[in-house]
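Chains, contacts and geometry: an overview
Each chain is listed here by its residues.
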Amino acid sequence: MSEPKEAALLSKMASEVFAGMIAPALENAPLIQAAEDDVLAKEDVLVRMERELKRALEKSPAERRWVMVIDLRRCIGCHACTIGCVAENKLPPGVVYRPVLTEEIGKYPHVAYRFLPKPCLQCENAPCTPVCPVNATYTNEEGVIVVDYDQCIGCRACISACPYASRTFDFGVNYTDKTVDRLTMVLGSSEAGKYETAGTAFEYGERRERQQHHSPIGNVRKCHFCLHRIKVGILPACTTTCIGRATYFGDANDPDALVSELIAKPNVMRLKEELGTEPRVYYLL
Amino acid sequence: MIKKLAYLVGGLTLLFGLWGFYDRFAYGHQNANYGSYVVWGLWVAMYLFFAGVAAGGFMVSTLDLLFGVKIFKGTGRIALWGSLVCLVAALISIGLDNGHLFRIWKVYLQGNPFSLLFQMVWGYTLFGAISVVALVLASRQPNNPWLKPVMAVGLVVSFFISGAVGALLGVNASRPFWHVGLFPVQFPVFSLASGVAMLLTALAFFGREDDENRPQQLWILSLTSVILLIVKLYFMWADYSQSMYGNVPMNVQAVRQVLFGEYWWAFWILQLLIGSLIPLVFLIQRKFATHNHWAGWMGILMLVGYAVARGLIIFPALTVPELEALVHAFSGPHLTFHYFPSLMEWAVTSGTIGIAILGFLFGSEKLNLFSNTPKEA
Ligand code: SF4
Ligand code: SF4
């Protein structure tokens, strides 16, 4: 099969699979229009954003303004971003940085799903930071709200202060806890658990073994826009795993950046604007 | 008899608590039922309760040790000791609630002075130090000229620490149920109410039989308790009715949760019936109010009601999702908007109560608190 044909088939299949879920929103939209164009000849937005990311990294950190834009019309509710984030940051059970809020709206026969991926909104006027008694959570010089795991005492005041439920507490639970254990077998909580506890995540550029009573267990955790990836010129995990290309990331101080274009659209909104938190995550409706 | 019963209750609750303390230290927070949504649970509620009794206990101790009210002569040290014991219980509760208890030193050395929690930690430290100094002075040198200034400063600090708890919740604009401007004003009143109930219980159960002032003390404390109880109920009515009339969804949902939701029984049965109505009916009658056992038990009922009230301030606000669809967005342990304390949480709280009861009993015997003539050093 030649490449354009393959693309057309994929596009058609994708349209049929997802059309049922998002049909009402896309009524009259040219769903298979893309197949007629040479889609592979177009530059993927990821490529553009990677290029813009590198450009932003040439500036000093304080000159950048990282923002995320999420196009709700393109989100198909696949949760790939959630799982991409879990894998990237090796999140234990009960800790989540980017859930996708799913709501069924309307009444039969006019029923649809609405999806809202929700990372930490990296509020410019963050209510979660001033409550911290030990300055463990703060806005770093690039405008991202971070948590210093070795400083955090785990009081959870920041969780209660966040109006978006963007923080979770690491209770020290592992996926392999209470699973069957056979000493002679490779599988089992003690053997398989080694993978879970090994220091193979690189959040904040740190490598931490997962041990009871040691950070990040007993700490509050949250999305940090994958700072460790950004630092080396790679987009956040949720952005690259989004199969609908619904998530965009970049430097809003760069007027030519894709995100700058998107947040200047009239259909842009932010969550709970009335609170004055000034989120750096924008939604396109 | 009642003392033996108190020792027994203290011993048993502590025994159950030892298992809870073991579980908490061995497995951290894993076996707790609070989570990332209902982020503060039983221990925070008990912290508010004990801290309230501590601040209130200090406030009532000033009747004797600062203002020299004759009828309360000799009660100051009892109230102070009760206050100190409750302060320790409050700190155990909140300490164990923290993810990294042993990093608490960071609040002193690397703290953020603008955080209310920071200010409270410093406030409690100062309050604890003042209480110890006051108790030592009141026990060993009751005529020491420093006693009154120390008590005066302590009184201000006790208002500060109880007001700060109200402010900690009140400033939280993300939770409309807590975002009540009057909270910092209400909390010192709640504290005073629980301090009075604590002293009423202590004097009724353990006061000296031959103290001629005792009936009058019990009567005054009972009436004061009733008045404070009514003020507290009025505050609650004001908060709830404003929320309902205001009709802000998150607020209304939280109030409904208390009145008709998963905590209805705690509100109607424990807080209103057992913790308010029954004590109110008995304590306005002199014969019950001055009867040692009746007054003592009514004091206990009021304390139970105040503890439940703390829980009903904390949990309902947190059981309302910040965004509705969060409920099903991601599942996992500790990600639920329902909350009922786990056995481990109850055990830890039981142990903390045991420590408070036994601490109070031992201390009152060792310090000879129930004699109203402290020795001059
Ligand atoms: S979304 Fe929540 S955690 Fe993130 S910056 Fe805003 S207040 Fe803080
Ligand atoms: S949980 Fe940690 S980061 Fe959050 S307020 Fe407490 S100390 Fe600060």
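Rules used in this analysis
All residue numbers refer to position in the chain's written sequence, counted from 1. Here every chain gets a letter starting at A, and every ligand a number starting at 1, in the order they are written. This being a predicted model, a pLDDT of at least 70 is required before a residue's local features are given, and a value of 80 or more before pairs of side-chain atoms are given or counted; all residues contribute to the totals for chains, interfaces and linings. Values reported for side chains reflect all heavy atoms of the structure, with hydrogen atoms and water molecules removed beforehand. Strands here mean DSSP runs of E at least two residues long; helices mean DSSP runs of H or I at least four residues long; both are numbered from the N terminus. Throughout this description, buried means an accessible area under 20% of the type-specific maximum (1.4 Å probe, protein chains only), exposed means over 50%, and partly exposed covers the range between. The contact definition used throughout considers only heavy atoms, calling two residues in contact when any of these lie within 4.5 Å. Under the convention used here, a 1.4 Å probe and the Shrake-Rupley method define accessible areas, while residue burial counts only the protein chains that appear. His is not counted, nor are the chain ends; Lys and Arg add positive charge and Asp and Glu add negative charge. To locate a charge, take atom NZ for lysine, CZ for arginine, CG for aspartate or CD for glutamate. Any residue with a non-hydrogen atom lying within 4 Å of a molecule or strand is treated as near it. Ten residue types, Ala, Val, Leu, Ile, Met, Phe, Trp, Tyr, Cys and Pro, are classed as nonpolar, four, Asp, Glu, Lys and Arg, as charged, and the remainder, Gly among them, as polar. We call two strands paired when DSSP finds no fewer than two bridges between them. Any pair of Phe, Tyr and Trp rings, taking the six-membered ring for Trp, is counted once the centres come within 6.5 Å. Such a pair is stacked with planes under 30 degrees apart, edge-to-face with planes over 60 apart, and tilted for the rest. Only when the NZ atom of a Lys or the CZ atom of an Arg is both within 6 Å of the ring centre and within 35 degrees of the ring normal do we say a charge sits over the ring. A 3.5 Å cut-off defines polar contacts: any pair of N or O atoms within that distance qualifies, except that in protein one atom must be a possible hydrogen donor and the other a possible acceptor, and neighbouring residues in sequence count only when both atoms are side-chain atoms. The predictor attaches a confidence to each residue, called pLDDT, with possible values from 0 through 100. For the purposes of this section, nonpolar cores are sets of buried Ala, Val, Leu, Ile, Met, Phe, Trp, Tyr and Cys residues that join through side-chain atoms within 4.5 Å. The buried area of a pairing is the accessible area, by a 1.4 Å probe, that goes missing from both parts when the two are put together, added over both. Salt bridges are defined as contacts in which a side-chain nitrogen from Lys or Arg sits within 4 Å of a carboxyl oxygen from Asp or Glu. For a helix, the expected span equals 1.5 Å multiplied by the residue count minus one.

1. Looking at the overall build of chain B
- Regarding its fold elements, chain B presents 13 helices and 0 strands.
- For chain B, the sequential pattern of α-helices and β-strands runs α-α-α-α-α-α-α-α-α-α-α-α-α.
- Here chain B holds 377 residues, and the buried ones make up 61% of them.
- When contacts within chain B are restricted to residue pairs at least 6 apart in sequence, long-range pairs at least 24 apart make up 79% of them.
- For chain B, the exposed area adds up to about 15,500 Å²; of that, 72% sits on carbon and sulfur atoms.
- Counting 20 positive and 14 negative side-chain charges, chain B places the averaged centre of each group 7 Å from the other.

2. A short note on the site of ligand 2
- In the vicinity of ligand 2, the contacting residues are Cys132, Pro133, Val134, Ala136, Thr137, Cys152, Ile153, Gly154, Cys155, Arg156, Cys158 and Val220 of chain A.
- Split into classes, the residues belonging to the shell around ligand 2 amount to 9 nonpolar, 2 polar and 1 charged.

3. Here we look at the environment of Leu53 of chain A
Residue and element names in this part refer to chain A.
- You can see Leu53 is positioned in helix α3 (residues 45-57).
- Classification of Leu53 as buried rests on a relative accessible area of 2%.
- Taking the C-alpha atoms as reference points, Leu53 and Asp254, separated by 201 residues in sequence, lie 10.0 Å from one another.
- The residues contacting Leu53, other than those within four sequence positions of it, are Trp66, Ile230, Gly233, Ile234, Leu235 and Phe249.

4. Considerations on the sheet that holds strand β9 (residues 268-269) of chain A
Residues and elements named next belong to chain A.
- Spatial ordering of the open sheet is given by β8-β1-β10-β9, a layout of 4 strands whose pairing is mixed. The outermost strands of the open sheet, each flanked by one partner alone, are β8 (247-251) and β9.
- Relative to β8, strand β1 (residues 66-71) runs antiparallel, the two sharing 5 bridges. What sits directly across from Val67, in β8, is Gly250.

5. A few points about the packing of aromatic side chains
All names here are of chain B.
- In the structure shown here, the tally under the stated rule is 35 aromatic pairs over all chains.
- Taking the centre distance of 6.3 Å and the plane angle of 10° together, the rings of Phe16 and Trp19 count as stacked. Here Trp19 and Phe16 lie together in helix α1 (residues 2-27), a separation of 3 residues that amounts to about one turn.
- Judged by relative accessible area, which is 38%, Trp19 ranks as partly exposed.
- Taking 5.9 Å as the distance between ring centres and 20° as the angle between the ring planes, the aromatic pair formed by Trp40 and Trp178 counts as stacked. Remark: Trp178 occurs in the loop between α6 (147-170) and α7 (183-206) and Trp40 occurs in the loop between α1 and α2 (42-65); sequence separation between them is 138 residues. Both residues of the pair, Trp40 and Trp178, belong to the buried class.
- Clustering of aromatic rings is evident, with ring pairs tying together Phe205, Phe206, Trp297, Phe360 and Phe370.
- Lying over the aromatic face of Phe25, Arg24 brings its terminal NZ or CZ to 5.9 Å of the ring centre.
- One residue, Lys232, lies across the ring of Phe190, its end atom 4.4 Å from the ring centre.

6. Some points on the site of ligand 1
- Contacts to ligand 1 come from 14 residues, most closely from Cys120, Cys123, Cys128, Cys162 and Arg167 of chain A.
- For the shell around ligand 1, the residue count by class is 10 nonpolar, 2 polar and 2 charged.

7. Description of the environment of His29 of chain B
- Within the secondary structure layout, His29 of chain B lies in the loop between α1 and α2.
- A sequence separation of 315 residues divides His29 of chain B from Met344 of chain B, and the C-alpha atoms of the two residues are 9.5 Å apart.
- Aside from chain neighbours lying at most four places away, what touches His29 of chain B is Arg156, Phe169 and Phe171 of chain A together with Arg24, Tyr34, Leu96, Asp97, Asn98, Gly99 and His334 of chain B.
- For His29 of chain B, the side chain forms a polar contact with the main-chain oxygen of Asn98 of chain B, separated by 3.0 Å.

8. Some words on the confidence of the model for chain A
- The predicted model of chain A has a mean per-residue pLDDT of 88, with 84% of residues at 70 or higher.
- A low-confidence stretch, residues 15-27 of chain A stays under pLDDT 50, and its non-local contacts, those more than four residues away or across chains, total 13 contacts.

9. Regarding the side chain of Thr75 of chain B
All names here are of chain B.
- Inspection of the secondary structure puts Thr75 in the loop between α2 and α3 (76-97).
- One polar contact links the side chain of Thr75 to the main-chain carbonyl oxygen of Phe72, over a distance of 2.6 Å.
- Setting aside residues no more than four positions away along its own chain, Thr75 makes contact with Asp64, Leu199, Leu203 and Gln217.

10. Some details on the nonpolar core
- If you look at the biggest cluster of nonpolar residues, it comprises 198 residues, and the most contacted ones within it are Phe225 of chain A together with Trp40, Leu169, Trp178 and Ile314 of chain B.
- The element that contributes the greatest number of residues to this core is α2 of chain B, accounting for 17 residues.
- Once residues lying within four places of it in the same chain are set aside, the contact partners of Phe225 of chain A are Trp66, Val67, Met68, Cys120, Gln122, Val144, Ile230, Pro236, Phe249 and Val281 of chain A.

11. Overview of the pairing of strand β10 (residues 281-284) of chain A
Residue and element names in this part refer to chain A.
- Here β10 shows a buried face lined by Val281 and Tyr283 and a second buried face lined by Tyr282 and Leu284.
- Bridge count for β1 against β10 is 4 bridges, and the pairing is parallel. Across the sheet, Ile70 pairs through a bridge with Tyr283, a residue of β10.

12. Focus on the interface of chain A and chain B
- Facing 52 residues of chain A, the contacting portion of chain B comprises 41 residues.
- Buried area between chain A and chain B, summed over both chains or domains, comes out near 3,600 Å², and the portion from carbon and sulfur atoms is 58%.
- When the buried surface of chain A facing chain B is broken down by residue, Ile153, Arg156 and Phe171 of chain A rank first, second and third, together holding 20% of it.
- Where chain A packs against chain B, one counts 1 salt bridge.

13. Focus: α6 of chain B
- Taking 1.5 Å of rise per residue, the 24 residues of α6 of chain B would be expected to cover 34 Å, and the 34 Å separating its terminal C-alpha atoms lies within 8% of that figure.
- Burial of α6 of chain B is extensive: 17 of the 24 residues sit out of reach of the surface.

14. Focus: the pairing of strand β2 (residues 100-107) of chain A
All names here are of chain A.
- As paired strands, β2 and strand β3 (residues 110-117) are joined by 8 bridges and run antiparallel to one another. Within β3, the position partnered with Gly106 by the bridge is Val111.
- Taking the residues that link successive antiparallel strands as the turn, the β2-β3 hairpin has 2 residues.

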